[in-house]
Amino acid sequence: MGKIKDDLNAAMAKDPAARSKLEVFFTYGGFRALFRHRRAHWFYTHGLKGLAQLISARTRKLTGVDIHPAAEIEGGVFIDHGVGVVIGETTYIGKDVLIYQGVTLGGTGKDTGKRHPTIEEGVMLSAGAKVLGPITVGAHSKVGAGSVVLKDVPPHCTVVGVPGRIVKQLDKRVEEQSQQLPDPVQEEIRRLRERLDRLERRAAGAAKEKADKAEEE
């Protein structure tokens, strides 16, 4: 019950449209999804995984929020306009986290074991943000709308873009040259260019060899 009370308090504190806890309890889809998830998680951790999955499936249908029953979620989390939120099996979400619609806390398909993110205390995940893989978003960081985060984010950072890049840390702007987050598109272009260069050199060598033979004949 403690976590549910924390969730109610978080909704009242973070949503200026919330007029009463009773209204939140009965009408807020994000709160309802968390309320049902906590029950599903209890069944899951006590060996009743089939029942937990049934509750999770029903929650997805009722609220549009898809939370795997194994995900660990602390109290004080608020899912605002939660339709389209997806939270994977090995996700951990700390206290006082704010999650907007369309957020995905998912995997990359390349990992085993811990496959999903760790979201530390006080993080804000804006609408449509994707945090993928067994990475950590540090405490009190913010992820911008539509961003795709593929690498660890230190505490007190602001991340934006695809792929996500840190633009602020402790309210100070971060120079782009210092970014450590990868750009998979640029990496693929670089690999293709290197391969094309090798093929061109090989073709030029073969053409020269053919020309030399023709001269000898």
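Conventions and cut-offs
- Residues numbered from 1 in each chain as written.
- Predicted model: local features only at pLDDT ≥ 70, side-chain atom pairs only at ≥ 80, totals over all residues.
- Heavy atoms only, no water.
- Pairing = 2+ DSSP bridges.
- Helix = DSSP H or I, 4+ residues; strand = E, 2+ residues; numbered from the N terminus.
- 1 Å grid on protein atoms, 1.4 Å probe; cavity = no way out; pocket = protein on both sides within 12 Å on 5 of 7 lines; lining within 4 Å.
- Points joined across faces, edges and corners; volume = space filled by probe spheres on them.
- Nonpolar A, V, L, I, M, F, W, Y, C, P; charged D, E, K, R; others polar.
- Salt bridge = Lys/Arg side-chain N within 4 Å of Asp/Glu carboxyl O.
- Buried < 20%, exposed > 50% of the residue type's maximum accessible area, 1.4 Å probe, protein only.

Student: Can you explain the sheet that holds strand β11 (residues 136-137)? Please cite residues and give values.
Tutor: Sheet strands line up and pair through hydrogen bonds in the backbone, either parallel or antiparallel. Read from one edge to the other, the open sheet built from four strands follows the order β2-β5-β8-β11, with strand pairing classed as parallel. A strand with exactly one partner marks an edge of an open sheet, and here the two such strands are β2 (72-73) and β11. Pairing between strand β8 (residues 118-119) and β11: two bridges, direction parallel. Within β11, the residue paired with Ile119 across the bridge is Val137.

Student: Explain the pairing of strand β15 (residues 165-169) to me, using residue names and the numbers behind them.
Tutor: Sheet topology places strand β14 (residues 157-160) next to β15; four bridges connect them, and they run antiparallel. Each bridged residue has a counterpart across the sheet, and for Cys157 the counterpart in β15 is Gln169. Linking two consecutive strands that pair antiparallel, namely β14 and β15, is a turn of four residues; a positive phi of about 95° is found at Gly161 within it. Examined bridge by bridge, β15 and strand β16 (residues 172-173) share two bridges and lie antiparallel to one another.

Student: So what's going on with empty space enclosed by the protein? Which residues, and what values?
Tutor: Applying the stated criterion across every chain, the model contains one cavity of 30 Å³ or more. Quantified by volume, the largest cavity comes out at close to 40 Å³. As for the largest cavity, its lining consists of Ala33, Arg36, His37, Ala40, Ser56, Thr59, Ile67 and Pro69. Broken down by secondary-structure element, the contributors of at least two residues to the lining of the largest cavity are α3 (29-45) and α4 (49-63). With four residues, α3 is the single largest residue contributor to the lining of the largest cavity. Its residues assigned to classes, the lining of the largest cavity comprises four nonpolar, three polar and one charged.

Student: Any details on the pattern of salt bridges? Residues and values, ideally.
Tutor: Scanning the model with the defined rule gives six salt bridges in all. Notably, a salt bridge pairs Lys14 with Asp96, separated by 2.8 Å at the nearest N-O pair. Here the residue Lys14 occupies a position in helix α1 (residues 2-14), and Asp96 occupies one in the loop between β5 (92-93) and β6 (98-99), the gap between them amounting to 82 residues. The class for Lys14 is partly exposed, based on a relative accessible area of 24%. For Glu89, the salt bridge identified is with Arg115, shortest N-O distance 2.7 Å. One end of the pair, Glu89, is in the loop between β4 (86-87) and β5; the other, Arg115, is in the loop between β7 (104-106) and β8, with 26 residues separating them in the sequence. Its relative accessible area of 26% is what places Glu89 among the partly exposed residues. The class of Arg115 is partly exposed, set by a relative accessible area of 26%.

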